[in-house]
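Reading the structure
Below are the chains, spelled out letter by letter.
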Amino acid sequence: MASAWKRRWRVALTLCSVSVTKIPLRRFTARVLPIDEQGRVLLLHGFDPARPELRFWFTIGGAVEDGETLQEAAARELYEEVGIRAGVEEFTGPHAEALIEFEWGQYAFTQDQSFFAIRVDDAVVSFDHMEQIEKDTTTEYRWWSSEELESTAEVVHPADLTTILRKIAEADQAR
């Protein structure tokens, strides 16, 4: 009797340890870097629902929808994620582009991302227009200076964000 129980237990453990395949998803995204009058960038803080213990800061943005330009996606995502309205002509960039791969929830993303900047003054941030999954996995927002980003021990995506911000500042000074 004990050996039959042990055998069932081993089978149950084996079944529980089978890895789950993530759903592959390829997308093109517009990432938005709202920059305030003090030169700080607005970032969101959240987590992957599959690994809620791992928290990180990330840029605003998301996938381009059918028929949208990258700038149109940037404007839509800025409003949906933080409640800031802007016209497509207000964005500058792209200031950086990258191809990344990462997992989030049940998905394995391959993502082309383009980073756009927008100057905002006295912006009021609101999560009211986020999709429910975004509300559930976004915990807060914060305005970060480049110096704070360079010295933080917290995880920030993308890792080269301060380089992108310097590039934006240099482009602003050249105007």
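Computed from a predicted structure; not experimentally measured.

Details of the pairing of strand S2 (residues 41–48)
In terms of burial, S2 is largely enclosed, as eight of its eight residues are buried. Of the pairings in the sheet, the one linking S2 to strand S7 (residues 138–144) comprises six bridges and is antiparallel in character. Bridging across to S7, leucine 42 finds its partner in tryptophan 143. Hairpin connection from S2 to strand S3 (residues 51–58): two residues lie between these consecutive antiparallel strands.

Focus on the confidence of the model for the chain
Put simply, the chain has an average pLDDT of 90, and 89% of its residues get 70 or more. Segment residues 1–18 is flagged for pLDDT under 50; beyond a separation of four residues in sequence, or across chains, it makes zero contacts in the model.

Describing the pattern of salt bridges
Following the criterion strictly, the structure yields ten salt bridges and no others. Residues arginine 40 and aspartate 36 are paired through a salt bridge, measuring 2.6 Å at the closest nitrogen-oxygen approach. For aspartate 36, a relative accessible area of 5% puts it in the buried group. With a shortest N-O distance of 3.1 Å, aspartate 48 and arginine 51 are connected by a salt bridge. Judged by its relative accessible area of 34%, arginine 51 is partly exposed. Counted as one network, the salt bridges with shared partners bring together Glu65, Glu68, Arg76, Glu77 and Glu80.

What to know about unusual backbone geometry
Omega for the peptide link from glycine 93 to proline 94 comes to 15°, which places this bond in the cis form. In this structure, proline 94 sits in strand S5 (residues 92–104). Of the consecutive residues histidine 157 and proline 158, the connecting peptide bond is found in the cis state with omega at 0°. By secondary structure assignment, the location of proline 158 is in the loop between strand S8 (156–157) and helix H5 (161–174). At aspartate 122, a position not held by glycine, the phi torsion is positive, near 50°. Here aspartate 122 is to be found in the loop between strand S6 (107–119) and helix H3 (132–137).

Here we look at the side chain of glutamine 113
Within the secondary structure, glutamine 113 sits in strand S6. A distance of 2.8 Å separates a polar atom in the side chain of glutamine 113 from a polar atom in the side chain of glutamine 111. Every residue in contact with glutamine 113, bar those within four places of it in the chain, is listed here: Thr29, Arg31, Ala96, Glu97, Ala98 and Ile100.

Conventions and cut-offs
- Residues numbered from 1 in each chain as written.
- Predicted model: local features only at pLDDT ≥ 70, side-chain atom pairs only at ≥ 80, totals over all residues.
- Heavy atoms only, no water.
- Buried < 20%, exposed > 50% of the residue type's maximum accessible area, 1.4 Å probe, protein only.
- Helix = DSSP H or I, 4+ residues; strand = E, 2+ residues; numbered from the N terminus.
- Pairing = 2+ DSSP bridges.
- pLDDT = per-residue confidence, 0-100.
- Contact = heavy atoms within 4.5 Å.
- Salt bridge = Lys/Arg side-chain N within 4 Å of Asp/Glu carboxyl O.
- Polar contact = N/O pair within 3.5 Å; in protein donor to acceptor, adjacent residues only side chain to side chain.

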